[in-house]
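# Notes for the structure review
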Amino acid sequence: MLQTSRIRLVPLSDEHLKHEIELDSDPEVMRYLGNGCARTREEVEVLHRGRLATGSRVPGLGFWAGFVGGEFVGWWILQPPERADQGPVEGQAELGYRLLRRHWRKGLASEAARELIRYGFEDLGLTRIFAETMAVNAASRATMKAVGMHHVRTFHMQWEEPLAGSELGEVEYAITRRQWLAHRATEAPGTDIRQRN
Ligand SMILES: CC(C)(COP(=O)(O)OP(=O)(O)OC[C@H]1O[C@@H](n2cnc3c(N)ncnc32)[C@H](O)[C@@H]1OP(=O)(O)O)[C@@H](O)C(=O)NCCC(=O)NCCS
């Protein structure tokens, strides 16, 4: 269980299936995901089992359901790399997030992502956290940037059913433990100055 100032992050379990179904039933949420369409309950049930399995592949990694004041807002993921071009599993994790549309633009995705990055580096001892999205997914890219990740590469994948915009490729953003520590160090003097004033 992880906690930010507003969000309680709970490891994903069967009781969250109904929320995953609601999330994936919104075509706007799914615009840059899967085949770009809303998913059926049956499709989400299959994915849910895979998501739970992710949590058991590498200790400490997995999916978290996020709640604000007891209300489900979305889920976040820190998962081991799955493809060879993503680099070694050891020391690395991929960050992801998906929020209900009514909770977009409130700073929630970035708030919990910052906590997962802290957890990954500080508690799990990871050395690099990366994230991927379609180049045209402006909201996801802005969230990666907001949490201190940097654009690493733009690359192209073969898709069975390419989504609109996939001709512009996918992007990878990342932050290393060293960059995260340096970023934290630059925040500390600001705190001191405010205290002196
Ligand atoms: C991507 C997503 C999780 C962002 O959630 P969010 O809670 O709205 O993000 P935040 O409010 O924390 O915003 C983080 C930053 O992104 C910016 N941002 C958010 N949505 C944006 C958009 N549509 N266009 C441009 N910038 C955007 C915010 O202004 C903020 O930047 P700042 O900190 O510099 O002000 C949400 O849009 C979503 O669930 N999308 C559908 C699922 C999806 O595509 N997930 C990513 C798959 S890789």
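Above this text you will find the structure in question.
Counting of residues starts from 1 at the beginning of each chain's written sequence and follows it residue by residue. Residues qualify for local features only when their pLDDT is at least 70, as the model is predicted, and side-chain atom pairs are given and counted only at 80 or more; totals for whole chains, interfaces and linings, by contrast, use all residues. The side-chain quantities take in all heavy atoms of the structure and omit both hydrogens and water.

What follows concerns the packing of aromatic side chains. For any two aromatic rings, the description comes down to two numbers: the centre-to-centre distance and the angle of the planes. Stacked, tilted and edge-to-face are the three classes applied to pairs of Phe, Tyr and Trp rings, where Trp contributes its six-membered ring and a pair requires centres within 6.5 Å; stacked means planes under 30 degrees apart, edge-to-face means over 60, and tilted covers the rest. Tallied over the full model, the rule gives four aromatic pairs. Both rings, one in Trp 64 and one in Tyr 119, keep their centres 5.6 Å apart while their planes meet at 80°; by these two values the pair is edge-to-face. Remark: Tyr 119 occurs in helix 3 (residues 108-123) and Trp 64 occurs in strand 3 (residues 62-68); sequence separation between them is 55 residues. Each of the two residues, Trp 64 as well as Tyr 119, counts as buried. An angle of 70° between the planes, with centres 5.8 Å apart, marks the rings of Phe 67 and Phe 72 as edge-to-face. Phe 72 shares its class with Phe 67; the two are buried. Positioned above the aromatic ring of Phe 155 is the side chain of Arg 153, whose terminal nitrogen or guanidinium carbon lies 4.0 Å from the ring centre. Elements are defined by DSSP. Helices are runs of H or I of four residues or more, strands are runs of E of two residues or more, and each kind is numbered from the N terminus. Summary of the burial criterion: residues with accessible area below 20% of their type's maximum are buried, those above 50% are exposed, and those between are partly exposed, where the area comes from a 1.4 Å probe applied to protein chains only. The criterion for a charge sitting over a ring is simple: Lys NZ or Arg CZ within 6 Å of the ring centre, and within 35 degrees of the ring normal.

Secondary-structure assignment places Asp 24 in helix 1 (residues 17-24). Of note is the side chain of Asp 24, whose polar atom sits 2.9 Å from the side chain of Arg 98. Contact between two residues is taken to exist if any of their heavy atoms lie within 4.5 Å; hydrogens are not considered. Among residues more than four places away in sequence, those in contact with Asp 24 are Met 30, Ala 38, Arg 39, Val 44, Leu 47, Arg 51 and Arg 98. Two N or O atoms count as a polar contact when they lie within 3.5 Å, although within protein this holds only if one can serve as hydrogen donor and the other as acceptor, and sequence-adjacent residues are included solely when both atoms are side-chain atoms.

Salt-bridge detection follows one rule: a side-chain nitrogen of Lys or Arg within 4 Å of a carboxyl oxygen of Asp or Glu. All chains considered together, the criterion is met by 21 salt bridges. Linking Arg 51 and Glu 20 is a salt bridge whose minimum nitrogen-to-oxygen distance equals 2.8 Å. Pair noted here: Arg 51 is in helix 2 (residues 41-57) and Glu 20 is in helix 1, with a separation of 31 residues, a long-range link. Note on accessibility: Arg 51 and Glu 20 belong to one class, buried.

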